[in-house]
Amino acid sequence: MIWDVLFLLVLSITPLYWFSNGFSIVGYDSGFRFSGITHIENLLQNWNFINNFGTDWSIYRAFSVLQLPEALITSLTGSLRLAEIVISIGWFLAIMLSMYVLIRSVFSGEKFRYFPLYASVFYCFNFFILNGWLNIERAKFSLYAGLPIALLLLYKEAFENKQTILRALLFGLLYGVWNGGGSPPLFGATYITIGFASCCFIVAIYVRNGIRSALRLLGSYGVFLLSFVIFSAYWMVPLIGLTRTSFGTAVASQGGIGGLIEWEKVFSRYASFTNLFRLQGFPDWYEHIHPYAASFIEHPILIVLSFVPIITILFGVLRFGVRKGKRVMVVTLFILLVIGLVFTAGSHSPTGILYIALMKYVPGFSIFRSSFYKFAPTVWLPMIVLSGYYMSLIIDTYGKRIVWKTITWGIIIIGLLLYHYPYFSNAPFQIPNGFSTRVQIPSYVYEMKKEVEQQATVDDRILILPDLDPGFITLPMVAYTWGFYSADILPRMLTSRSFAAGDANDDGITKRMYQDIYTGNNEEFMNLASISGITYILWRGDIRQSNAAFAAHPLESQKRMLDTMPSTQIAAQAGPWILYKLNIQARPMIYQTNHPVLVTGNVTGDVFAIGNNTVLRTSSENIKTATHMIGLECVMCDQNEYTKFEAGIYLPSPNDLFLSKIKTIIRPKSDDVPKKTTEQIDDVLSKLLITISQVVYGTDQSAAEKIPVFVNELKSRFQQLTGRDRIVYANRLYAYMQAIDRLTTTSKNALVVAAVVTPFQDTLTELVFVSDEKTLRYIVTVPSAGIYHLVSSNPVQSVLLDRQTYIGVGQSVWLSEGLHTAELTHFGSSATPYLFFAIGEVQQSSVNSVSYQRKSAGYYSGLIQSSESDILVLNQRYDPGWKLTLMENGKMMTISKHSEANGFANAWILPDGYTGPFELRY
Amino acid sequence: MVEKISRLSFFFALLSILVALIFSLLRNTTLAEHAGVVTYICMVLGVVTMVVDELRTTHISIKEDKKHSHKQTMRRRSV
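Everything quoted here is computed from the prediction, not taken from an experiment. (Residues numbered from 1 in each chain as written. Chains lettered and ligands numbered in written order. Predicted model: local features only at pLDDT ≥ 70, side-chain atom pairs only at ≥ 80, totals over all residues. Heavy atoms only, no water.)

Thoughts on the overall build of chain B
Here's step 1: Within chain B one finds 2 helices and 0 strands.
Here's step 2: Counting every position in chain B, which comprises 79 residues, the buried fraction comes to 33%.
Here's step 3: Within chain B, contacts between residues separated by at least 24 positions form 63% of all contacts whose residues are at least 6 apart in sequence.
Here's step 4: Accessible area for chain B stands at about 5300 Å²; split by element, carbon and sulfur atoms hold 68% of it. (Helix = DSSP H or I, 4+ residues; strand = E, 2+ residues; numbered from the N terminus. Buried < 20%, exposed > 50% of the residue type's maximum accessible area, 1.4 Å probe, protein only. Contact = heavy atoms within 4.5 Å. Areas by Shrake-Rupley, 256 points an atom, 1.4 Å probe, with all protein chains shown as cover.)

Re the side chain of N179 of chain A
All names here are of chain A.
Here's step 1: With respect to the helices and strands, N179 occurs in the loop between α10 (164-177) and α11 (188-209).
Here's step 2: The class of N179 is buried, set by a relative accessible area of 0%.
Here's step 3: There is a polar contact of 2.9 Å between the side chain of N179 and the backbone nitrogen of G181.
Here's step 4: A polar atom in the side chain of N179 sits 2.6 Å from the side chain of Y234.
Here's step 5: Look past the residues within four positions of N179 in its chain and what remains in contact with it is A62, V65, L66, S142, L143, F187, Y234 and W235. (Polar contact = N/O pair within 3.5 Å; in protein donor to acceptor, adjacent residues only side chain to side chain.)

Here we look at helix α27 (residues 522-532) of chain A
Here's step 1: Looking only at α27 of chain A, the buried set comprises F525, M526, L528, A529, S530, I531 and S532 of chain A.
Here's step 2: Where α27 of chain A is buried, its residues touch β7 (461-465), α26 (508-519), β11 (534-540), β12 (568-574) and β13 (577-582) of chain A.

A short note on the state of the cysteines
All names here are of chain A.
Here's step 1: The full count for this structure, using the stated rule, is 1 disulfide over all chains.
Here's step 2: In this model, C634 is linked to C637 through a disulfide, with the two sulfur atoms separated by 1.6 Å. With the S-S bond torsion at -80 degrees, the cross-link from C634 to C637 turns out left-handed.
Here's step 3: Residue C637 is classed as buried on the basis of its relative accessible area of 17%.
Here's step 4: C199 carries a free sulfur, and the closest cysteine sulfur to it, the one in C200, is 6.9 Å from it.
Here's step 5: A relative accessible area of 46% places C199 in the partly exposed class. (Disulfide = S-S within 2.5 Å.)

Side note on unusual backbone geometry
Residues and elements named next belong to chain A.
Here's step 1: Between S349 and the following residue, P350, the backbone shows a cis peptide bond with an omega angle of 5 degrees.
Here's step 2: Looking at the element boundaries, P350 is found in the loop between α19 (327-345) and α20 (352-361).
Here's step 3: The residue after L465, namely P466, is reached through a cis peptide bond having omega -5 degrees.
Here's step 4: Along the polypeptide, P466 turns up in the loop between β7 and β8 (478-479).
Here's step 5: Unlike most non-glycine residues, Y28 shows phi in positive territory, near 55 degrees.
Here's step 6: Inspection of the secondary structure assignment puts Y28 in the loop between β1 (24-25) and α3 (37-43).

Details of the sheet that holds β11 of chain A
Residues and elements named next belong to chain A.
Here's step 1: Taken together, the 5 strands give an open sheet; going across it, the order is β10-β7-β11-β13-β12, and neighbouring strands pair in mixed fashion. Both edges of this open sheet fall to β10 (498-500) and β12, since each of them pairs with a single strand only. Recorded for the sheet is a direction-independent mean angle of 30 degrees between the axes of neighbouring strands.
Here's step 2: Pairing analysis gives 5 bridges linking β7 to β11, with the strands arranged parallel. Bridging across to β11, L465 finds its partner in W539. (Pairing = 2+ DSSP bridges. Axes fitted to C-alpha atoms, helices over the stretch in contact; angles between N-to-C directions.)

Some thoughts on the interface of chain A and chain B
Here's step 1: Opposite the 31 residues of chain A that make contact, chain B presents 29 residues.
Here's step 2: Interface of chain A and chain B: buried area, both sides summed, is about 2700 Å²; carbon and sulfur atoms make up 78% of it.
Here's step 3: Here chain A is connected to chain B by 1 salt bridge.
Here's step 4: Here E54 of chain B and R327 of chain A are joined by a salt bridge, their closest N and O atoms 2.7 Å apart.
Here's step 5: Breaking the side of chain A that touches chain B down by element, the ones donating at least two residues are α11, α14 (273-277), α17 (300-306), α18 (308-320) and α19 of chain A.
Here's step 6: Of the residues forming the side of chain A that touches chain B, the biggest block, 8 residues, is contributed by α19 of chain A.
Here's step 7: For the side of chain A that touches chain B, the per-class residue count stands at 23 nonpolar, 3 polar and 5 charged. (Buried area = accessible area lost by both parts, 1.4 Å probe. Salt bridge = Lys/Arg side-chain N within 4 Å of Asp/Glu carboxyl O. Nonpolar A, V, L, I, M, F, W, Y, C, P; charged D, E, K, R; others polar.)

Digging into the environment of I40 of chain A
Residue and element names in this part refer to chain A.
Here's step 1: The residue I40 is located in helix α3 in this model.
Here's step 2: Residue I40 is classed as buried on the basis of its relative accessible area of 6%.
Here's step 3: A C-alpha to C-alpha distance of 22 Å links I40 and V229, two positions 189 residues apart in sequence.

As for the pairing of strand β17 (residues 627-631) of chain A
Residues and elements named next belong to chain A.
Here's step 1: Most of β17 sits inside the fold, with 4 of its 5 residues counted as buried.
Here's step 2: The pairing of strand β15 (residues 597-600) with β17 spans 4 bridges and is classified as parallel. Note on β17: the bridge partner recorded for L598 is H628.
Here's step 3: Where β17 lies against strand β25 (residues 835-839), 4 bridges are found, and the strand directions are antiparallel. Its bridge partner lying in β25, I630 is registered against F837.

Section: the nonpolar core
Residue and element names in this part refer to chain A.
Here's step 1: Grouped together as the largest cluster of nonpolar side chains are 222 residues, with contacts concentrated most on W380 and Y390.
Here's step 2: Tallying contributions element by element places α19 first for this core, with 15 residues.
Here's step 3: Filtering out sequence-adjacent residues up to four positions away, W380 remains in contact with N126, F128, Y144, L276, L279, Q280, F282 and F372.
Here's step 4: In this structure, L688, V695, A704 and V757 belong to the second largest nonpolar core, which totals 39 residues. (Core = buried A, V, L, I, M, F, W, Y, C linked by side-chain atoms within 4.5 Å.)

Examining α26 of chain A
Each α-helix winds once per 3.6 residues, and so residues spaced three or four apart point in a common direction.
Residues and elements named next belong to chain A.
Here's step 1: With 12 residues, α26 extends 16 Å from end C-alpha to end C-alpha; this agrees with the ideal 16 Å at 1.5 Å per step.
Here's step 2: Turning to α26, its buried residues number three or more, namely I509, T510, R512, M513, Y514, D516, I517 and Y518.
Here's step 3: Considering only its buried residues, α26 is in contact with β7, β10, α27, β11 and α29 (555-564). (Expected span 1.5 Å × (residues − 1).)

Right, dumping it as structure tokens:
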């Protein structure tokens, strides 16, 4: 055993090669932070002030434990690279030893002498894990390493009726520490393995010892679950809270369940059973992300070798069956393998239809949208163990001498390592376009980290320039000439300061600031920078631009604009990185103000409503000094938005039709909750599309008779709509009718469909109201009749109101209550203007600073001294989780009135004349 | 009988995975995939019959154990 462990120790130093010559592994969202223990302190807060204007990151609480070792080493030694070396060796050992412990505990005896070694090496050296080393996926490694130990604890509990509490504690502790970063999708393989293994063990105990023993085991596993919940509560509780509020939004942002399924199909494209039997099927391999992959796809010897484990298993089971002694474990592993294959194959045929049904109809299952990466360990673990088991039996049967057996196992283990040769090269870290996660970080990066920490406080906000680049892939990324490539920007990894950038969490205000810099609109840039609290600009001259970004805004021209921008001065320089200080009166993190503008309407861009007054998104507040504004909604204003919408409509395939029938069986119709007319129209549209699909695909010719019924129902429902809904649904229905016409043109039933759909489409034509290349079209619902004047974020020409009269910006007009339309001639690529109707004149506002103390990222306390300002603003991103508490008559009082300010921040309306202490908590 | 079906299933699984290997070497991905599906189906059949066989033999051996221990008890009593 000592020799075995020594051998594994030697193998675990493989990463030393990767980190030689001063290389580190960073980028590609690896999540490493140079700030060490400060990063852990930040993770313990629910509010992250570093990303743009702040964000809730309570879902990352689990990383405070998982990343603690690397953070401690970074803080103690000052070297992230050293921390990476230590934790990499640690994960190699953890993965190998966990498998070693499982096999050695379950399979004892001389014939299994080398089995633990083989399984440990194979469990650590395989392409699933190699894929994770690209960015050292600690979350993935933790669950992968935990799986054999969890399986062992369950097995021991079933067959040794002792120490239940101790095992349950170990089980809870295991997942409390190796917590998968608190990401439920990553637990996919863990759920399946633990769930099915538990069932197998309970059934085995029932058959052997009867129902009482089986129930006792079930109870023990219940204690395991309880322990898991208790030890994981620190990350599960915030996650449950956030999931309840944001799951729907998250799904919607991915294009709904349909979008998630399409995403899943991309990931499962190569997850055929044949590839999975070969422990392959990685989508990255076929998209040329990994340079080593081509050899394994094409080289005949490597192809033959990839079949060795599955052939060994099938030959072994045929030759030896399941030997006495460890039957339950071996049979359980076979069951796990056949189930795991279905889950890992995901939406790939032939079992893909089941997986898609699970995604569509099992609530929450859609989180497993990349099945391959989430469930692969359910295939890898049984394949590795079963191949080792039968290899042991084969070698024991055909080789009687110990020397021969030792040599054979030596050849197998060395062959295993040689087969996975990319482990001993730099290839695993290379990514397309010449980028790599294995990079030498230039010294000036560290120098700038020190400068930023010295000059900027935690309440300062730094805008990065150049902006992120969506030209490499569709997502905004950051790339440097020295190889770094990531969506997680480097400055945020370097230090605990607030950095604003145009990434996925971006606010409209940031986009506008970049646009102002590019167009040289310094005045508006300075105003927006002041409102959003931007005090510095960090220029990184070593950015590598994509061709698209270079064509739009080359580095040189951006730098020139920055150098000529008034009110900026160089605060620090390190190599090509320059820190500029903005000499402006930026608004503090917390301030008081007055004369707000209250904005309503179905539109964003509040901050552009007016000059530098604070804009609140609310209509219910009774503030005497306020000006009320209604935002005009621009209808389908993005470039080609209508065309894209229409082109995105498709007929459900026969498979979807089959699934819709299953859905009807699973979820019978419920008429308990009355639906809105718009929802009824959506339902009828869905039925119409299914019916047309049946006609087009020829699955139900009689369905043609139903088409006029559905279209007539659409007509009658549409007639019930008024106001904004009527315009929105006229556009929507018109697009659908147009799409149906397009989709059925080549069908032999085209005339049947057209005869019904075309007349309806014609009646909608005059109601359609969408923007096009030349004209921007707006709608607005005026709550009460009165005189309003037009306000615009950009200088614009006259606006055609209700297709009758022209009015210019600043001009007043009497508007009746209800829906109104506005049309504006649009020139080329200029930004879409935000239009508002205002009542009353906007009065000059003042900004008063407030004395406050920052106790943590999510906790401020201070003193309100001025009774003249009625609004308190916190310049962090608006989130209902922020609470203001005041002290009135000796009692703590939480202010419930809380609204979005300036399109991103938080604002509270203070009680009349309030002065005294306050607390802001998230 | 159940054991025979199990062994036969695994035999065909082995056969079809060898076919999948040959098609993989010939770069015929589609046929290799089909062979993989056949392997999977045979494997499922093999595992299901293996489980049934396992449950059956365990049940029989427990019954025999009980019969045996009952006989021993009776013998002890008669002695």
